[in-house]
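# Report on the structure
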Amino acid sequence: MGADMEEEKALMQKIARVLDEVGASIATHIRKLKDLSTLRSSSLFFSAFSKTLIPLFAFQRRTSSAERTVRFVATFASKCDSTTCFLEEFFHFLLTAAAAANKTARFRACQMISEIIMRLPDDAEVSNELWDEVIECMKLRVGDKVPAVRALAVRALARFANDSENSDILDLFLEALPLEQNAEVRKMIILSLPPSNATSVAILDCTLDVSEVVRKAAYYVFANKFPLQSLSIKVRTTILQRGLADRSATVTKECLKLLKDEWLVKCCNGDPIELLKYLDVETYELVGESVMEALLKAGVVQLQDDQSIQQFIVSTSNEIEGESDHCIPRIQLMEAEVALYWKTVCRNLQMKAQERGSDAAAAMGPEAAVYAAEASDNNDLLERVLPAMVSDYVELVKAHLDAGSNYRFASRQLLLLGAMLDFSDSTNRKVASGFVQELLHKPIECEVDEDGNKVVIGDGINLGGDREWADAASGLAMKVHAAAGEFEEVLLGVVEELAQPCRERTADFLHWMHCLSVTGLLLENAKLLRWMQGKSIEPDELLQSLLLPGAKHVHLDVQRVAIRCLGLFGLLEGKPSAELVKQLRFCFIKGPSSISIVACKALVDIAMWHGPQEVDRVMGLELSSLPHENKMTSSPVNLGDMNEDLNVELLHLLYSGLDLNNWTKSVDENESVQAILGEGFAKILLLSENYPSIPTSLHPLFLSKLIMLYFSNETKELLRLKQCLSVFFEHYPSLSANHKKYISKSFIPVMRSMWPGITTNAGGSPFMVSNMRKLAVQASRFMLQMMQAPIHAKETKKQNESQNNELPEVLDGLSEPSLDFECGEEGLAIHIAAEVVSFHAKKTAAQKSYVSAMCRVLVLLNFRESEQGAIKLMRRLLNRVAESASPEREVVKELKGMAANLKAVDREPEQELSQEQANYILERLELDLNFDANDSMEIQPTPVSRSSRPARTRRGARHHDSSSSSEEEKSPTSFVPKVTGSTATRSQRASKIAAMTKMTATRAVRISEEDDEDDEEQGSEVTSQEDSDQSDD
C-alpha cells in the first residue's frame, strides 16, 4: 500500500511538470502528449492525473496558461485509445465536477467537456450510456446561474444538435434563446444551431438583437450554414435589409461579407444580375437598390467594354419606299432585374461624377485636376452606357410599355433613366415632349369583374395606378420641360383637353379619374399658382369646373381623387377659398370612411399651411369670447348629428374627430381618421412656434388627447398612429421648456380620464378595472419620464438668458419665485398635491386607489434648490396630502421621506411661506386652492380611517402610545413633535406590547420609519398598488 502511494506521488509530480510546461507554451504540446502517453501505462495513472488536475478546478482566473492547460488536457483525452477506460473514467470525473456547488469547478468541468467533445473524431467509440449521461448533465447546465457555464454547456451540446435523435436539444436551444439575458450565451446558442427552417426563423429574429455580437453572429451563421437557395425570398430580403442598414459598422461589414463572398461569388458566380433574381426586385425594389449600391460602393461591380443599354437597341437596315439604309431599331426587352441593374449603375455613375466635380471646384492645383479627370471619366462612361439618341431611348421605353403588365416594372425603371439624359437640343426635346404627351394621355387600366362592372387597376389616385409610376412620369416631364412655367403650361393643356368631356358631362368615371390624376400630378409638382394663370385653363376655372364637381360626383373613387386635388389646390392658394374649405368640411363630416380620410388629410394640411385662424376667417367664423379649451370640453361636437352649416371652428372640428365613437371602422387599419388627426395634432404641438394664432391654452388639451389615444386599448390596431406618437413623445419634451409646462398641465386631466370611477363609470369586472388602473399607472410613469427628460442644450441656453434678463421682484422680504417652476417637476408636484387634497376624507374605493397612485408618482418628483418658493409651498401641502393618503401606510412613509428631502434643500426651513407668495405660485399654475392659516410645514400625526376591527382598550392604547413615542425619539427624520416617554419601558415590554397588539387587532396611530417589527406585524395593512386595486374591486 505504501509502495502504491509512493508510486502515485511520483507519477503526480511527473504529470504536474508536464502540465506546467504545456501551460507556458503551446509549442510543447505535441511533444508533451507523447511524454504523457508513456505514463498512461501505469494502473495508477488516472488517479494521479485526476488529483493533479484538482487545483485547476479551483483556479478562477481565465489566464492564457490555464487556457493552454485545459486545451492540452482535452487534446490528450480525445486522443486516448478507445480500448482503455481512461476517457470514460475522465468523463465521469468531469460530470461529477460539473454538478459541484462551486461555480469555478462547474465552469472548468464544462470547459473540458466541451473541448473534448469538439476534438473527438467522428469514429470515436464511446458508449451510448456515457453520451446520455453527458447530454443530460449539459442540459442541466444550460440553466446554470453562471453565464459562462451556460455558454460552455451550449457549446458541448452543439455537436449533438444535428442528430435527429436528439431533437430535444434543438428544442432546448430554441426555448432558451429568447429568454436568455446574457449576450455571449445567446451568441453561443446561435452558433450552435443547425440549419433548418425552424432555426432560420430564430436566427433571423436575432438580427434585431440589442447586442452587436449577437447580430454579427447571426449573419455569420447565415453565411456559413445556409446556402442562398435554401432561404425563402422573404428571409433573404429581410437579412439584407436589416444588415445593410444596421447601426453598427461591424455588423454591416459582416452582412456585406455574406453578400459578396457567399451569395454573389459562390452562389451567383459573381453576376449581380443573377443575385437580383434571387431577391424578387419587383416586390422588394428598395432591397435590390440597397444591394446594388453596396456592391457598387465596394467596387465589386465592374462594367465591361461591351456592356451598355445600347446593346438592347439593335438597328436593322431595310429598303423603305426608295430610301436606302433607313435604320429601324429592333428592341430587345429587359427583365426586371436587368432594368434595375442599369438604373442603379447609371445613377451611381452620375452621383460619382457630380461629387468629383464638386470636389474639383473646391480644390486647387493638381488635386483639382485629379478630381476633374475622375469626373470626366465617370461622365464619359455614363454617356457610353446610356442610349446614344433620345429617340432610341423613347423607342426602348415604348417597346416595354407595349409589352404589357409583365414589363411594367422595367418600363418604370427606364422612365427614371430619362432624368439622366440631355434634352438641351430642340430636336431631342421635341421627341421627348411627344413621348410625355403620350404618357399623360394614356388611359387608366381597368378590368371587368364577373358582374360586368369595370374595376380600376391600381390605387385609382395617382397617374398610372401607383405613386412610383406617377413620380417617374413627373420626373421625366419636369426634366424635358425644365423652363420656368413650361411644365405647368404643358400639363394644363393636357388637363384642358381631358376636362372637356367632364364639363359636358359625357365622361364616364374612368375618364374623370384619369383627368383628375393628371390634375393631381400638376398641382403636386407646380411651384407657384401664378405660373398657372394665363394658360389654357385658369386656376379658378379649374376649381369651379373640375375639382368641385368631381368632389360631388356620384362615384366614390372620383370623389376621392377630386378631394385630394382640392387639398393640393388649397396649398397653392395664397388664401384658401371659402368654397374649397366648405366642401372639404362637408366631405369630412358626411362622407364615408374612405372619403373622410382624404378630406381629413386635406384639412390638416391646409390648416398647417395657412393656419387654422386664417381658414376660419375665410369661412366667416367669428372667434368666440369663450376660452377655447372650455368650448372644446364643454361643447363636444357629435359629427354624426352635425349639420353642414354648423358654426364650428376648424380646430374644434378636427379635435372632435379624434373621438373613436364618431367613426366607423376603416378598411385599412393604418389609414384612419384618428391616425391622420393624431399625426396632425402632433405636428402642430411639435411646431407650435410656427402657429402663434393657436392659443397656448389648447396645447395641454391636445396633448392630453394624444396621450390617451396612445394608451387606449381601442387604438392598438392603429399601427401608424402608434408609431407616429412614439416618435413624437420621444422628441416633444426635449425641444422646449414650455412643452414640459404643457405636460404638467396635462397630467391631471389624463389621469382623471383614464382612472375608472373618477370621471367615468367604474363598471366592468374586477379584472377589467384592474387592467384600466394598471394602464393609467403606466401612463403616469410615461408622463413622468417625459417631465424628467433633459432639454436640448440650445433651448437651455436660451432659457437661461431669458431668466437673467428678468430681475426678480421682492415680496415680503423674499424674492419672487421664478417662473421656471411651471416648466419643471416642481409645477407637476404642486398640481398632483392640489389634486390629492381636493378629495374629501370619505372616499370611494376608486378615489382611494386614485389618490394612492397619485402619491406614488408625487414622491418620485425632484425639486431644485433654486426653487425655494415651490419647496416651501410643497412642504406646506404635504401635511394635507399625507392626511388624504393616511390609510396607505407605505405611501405616508414615502411622503415623510419626501418631506425630509424638501426640508434638507430648504435654505430657511423655519421660515414659512407667506400667503401672498403662495397665492402667486398657485395663480401661475392656475390652481384654486385655499390654505388654512394654521397649516404646518411638517407632516402631522394623522389618525387612520376607522376599520371594522374591534376598538382597542384604553390599556392597549396607552401601551401603544408609549411605544410610538419612543420610536419617534429614535427616528432622526421625523418632523412630528416629540412626546416624552421612556425608551427603557418600550424595550423591556416590547414582546408583551406586540402580543397585545395582535390580540386586540389595533392599528398604529402613526407610522414609525425605524420599527421593522411593527411593520412585519401589521404588514397586512400595507398593500401594494395591485393589492389595493384588487381589494378596492
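Here is what the cut-offs are and how they apply
- Residues numbered from 1 in each chain as written.
- Predicted model: local features only at pLDDT ≥ 70, side-chain atom pairs only at ≥ 80, totals over all residues.
- Heavy atoms only, no water.
- Helix = DSSP H or I, 4+ residues; strand = E, 2+ residues; numbered from the N terminus.
- Buried < 20%, exposed > 50% of the residue type's maximum accessible area, 1.4 Å probe, protein only.
- Contact = heavy atoms within 4.5 Å.
- Areas by Shrake-Rupley, 256 points an atom, 1.4 Å probe, with all protein chains shown as cover.
- Polar contact = N/O pair within 3.5 Å; in protein donor to acceptor, adjacent residues only side chain to side chain.
- Salt bridge = Lys/Arg side-chain N within 4 Å of Asp/Glu carboxyl O.
- Axes fitted to C-alpha atoms, helices over the stretch in contact; angles between N-to-C directions.
- Nonpolar A, V, L, I, M, F, W, Y, C, P; charged D, E, K, R; others polar.
- Phe/Tyr/Trp six-rings, centres within 6.5 Å; stacked < 30°, edge-to-face > 60°.
- Disulfide = S-S within 2.5 Å.
- Patch = residues over 30% accessible without salt bridge, like charges linked within 9 Å, V, L, I, M, F, W, Y side chains within 5 Å.
- Parallel < 35°, antiparallel > 145°, perpendicular 65-115°, else oblique.
- pLDDT = per-residue confidence, 0-100.

## Section: the overall build of the protein chain
Secondary structure assignment for the protein chain yields 47 helices and 6 strands. Relative to its 1033 residues, the protein chain shows a buried fraction of 50%. In the protein chain, 72% of the contacts between residues at least 6 apart in sequence involve partners at least 24 apart. Working note: accessible area of the protein chain is about 50300 Å², and carbon and sulfur atoms make up 50% of it.

## Here we look at the side chain of Ser734
With respect to the helices and strands, Ser734 occurs in helix 34 (residues 719-735). Polar side-chain contacts of Ser734 include one of 2.9 Å to the backbone oxygen of Pro790. Beyond its immediate sequence surroundings of up to four residues, Ser734 is in contact with Ala789, Pro790, Ile791 and His792.

## Side note on the pattern of salt bridges
Under the definition given, this model contains 37 salt bridges. The salt bridge partner of Arg186 is Asp209, with a shortest N-O separation of 2.8 Å. Separated by 23 residues along the polypeptide, Arg186 in helix 10 (residues 183-192) and Asp209 in the loop between helix 11 (197-205) and helix 12 (212-225) bring together distant segments of the chain. Each member of the pair Arg186 and Asp209 is classed as buried. Three or more residues are tied together by salt bridges with common partners; here these are Glu285, Glu289, Lys343 and Arg412.

## Some remarks on the packing of helix 11 against helix 12
At a closest axis distance of 9 Å, the pairing of helix 11 and helix 12 adopts a crossing angle of 145 degrees. Where helix 11 approaches helix 12, its residues Ser200, Ile203 and Leu204 are matched on the opposing element by Ala218, Val221 and Phe222. Each residue belonging to the contact of helix 11 with helix 12 can be placed in one class, and the counts come to 5 nonpolar, 1 polar and no charged.

## Re the packing of aromatic side chains
Following the criterion strictly, the structure yields 26 aromatic pairs and no others. Here Phe49 and Phe90 contribute two aromatic rings whose centre-to-centre distance is 5.7 Å and whose plane-to-plane angle is 65 degrees, an arrangement assigned as edge-to-face. Within this pair, whereas Phe49 is found in helix 3 (residues 45-57), its partner Phe90 is found in helix 5 (residues 86-98), the two being separated by 41 residues in sequence. Phe90 matches Phe49 in its accessibility class, with the two residues each being buried. Following the ring pairs from residue to residue traces out a cluster consisting of Phe45, Phe46, Phe49, Phe57, Phe76, Phe86, Phe90 and Phe93.

## What to know about the state of the cysteines
Taken as a whole and judged by the stated rule, the model has 0 disulfides. Note on Cys137: no disulfide assigned, nearest cysteine sulfur contributed by Cys110 at a separation of 6.3 Å. Since its relative accessible area comes to 13%, Cys137 is described here as buried.

## What about a nonpolar patch on the surface?
A cluster of nonpolar side chains, namely Leu686, Leu687 and Leu735, defines an oily patch on the protein surface of about 200 Å² accessible area. The residue Leu686 is located in helix 32 (residues 673-686) in this model. Since its relative accessible area comes to 31%, Leu686 is described here as partly exposed.

## Section: the environment of Lys145
Mapped onto the fold, Lys145 is located in the loop between helix 7 (128-141) and helix 8 (147-157). Separated by 42 residues in the primary sequence, Lys145 and Lys103 place their C-alpha atoms 9.0 Å from one another. Ignoring any residue separated from it by four or fewer positions in sequence, one finds Lys145 in contact with Arg106 and Arg150.

## As for the packing of helix 14 (residues 249-268) against helix 16 (residues 285-298)
With their axes 11 Å apart at the nearest point, helix 14 and helix 16 run at an angle of 90 degrees to one another. Relative to helix 16, helix 14 is oriented roughly perpendicular. For the pair helix 14 and helix 16, the contacting residues are Leu256, Leu259, Lys260 and Leu264 in the first and Val291, Ala294, Leu295 and Ala298 in the second. Across the contact of helix 14 with helix 16, the residue classes break down as 7 nonpolar, no polar and 1 charged.

## Points about the environment of Arg31
Turning to its location among the elements, Arg31 is positioned in helix 2 (residues 29-39). Look at Arg31 and you get partly exposed, because its relative accessible area is 46%. The sequence separation of Arg31 and Val18 amounts to 13 residues, and the corresponding C-alpha distance is 10.0 Å.

## Structural notes on the confidence of the model for the protein chain
Looking at the protein chain as a whole, its pLDDT mean stands at 83, while 82% of the residues score no less than 70. This stretch, residues 804-816, has a pLDDT under 50; its non-local contacts, to residues over four places away or in other chains, come to 16 contacts. Across residues 943-995, where pLDDT falls below 50, the model places 72 contacts with residues more than four positions away in sequence or in other chains.

## Considerations on unusual backbone geometry
Residues apart from glycine generally show negative phi values, whereas peptide bonds are mostly found in trans. For Asp280, which is not a glycine, the phi torsion comes out positive at approximately 50 degrees. Residue position: Asp280 is located in the loop between helix 15 (272-277) and helix 16. In the Ramachandran plot, Glu926 falls in the positive-phi region, its phi being about 60 degrees despite a non-glycine side chain. Within the secondary structure layout, Glu926 lies in the loop between helix 42 (915-924) and helix 43 (954-970).

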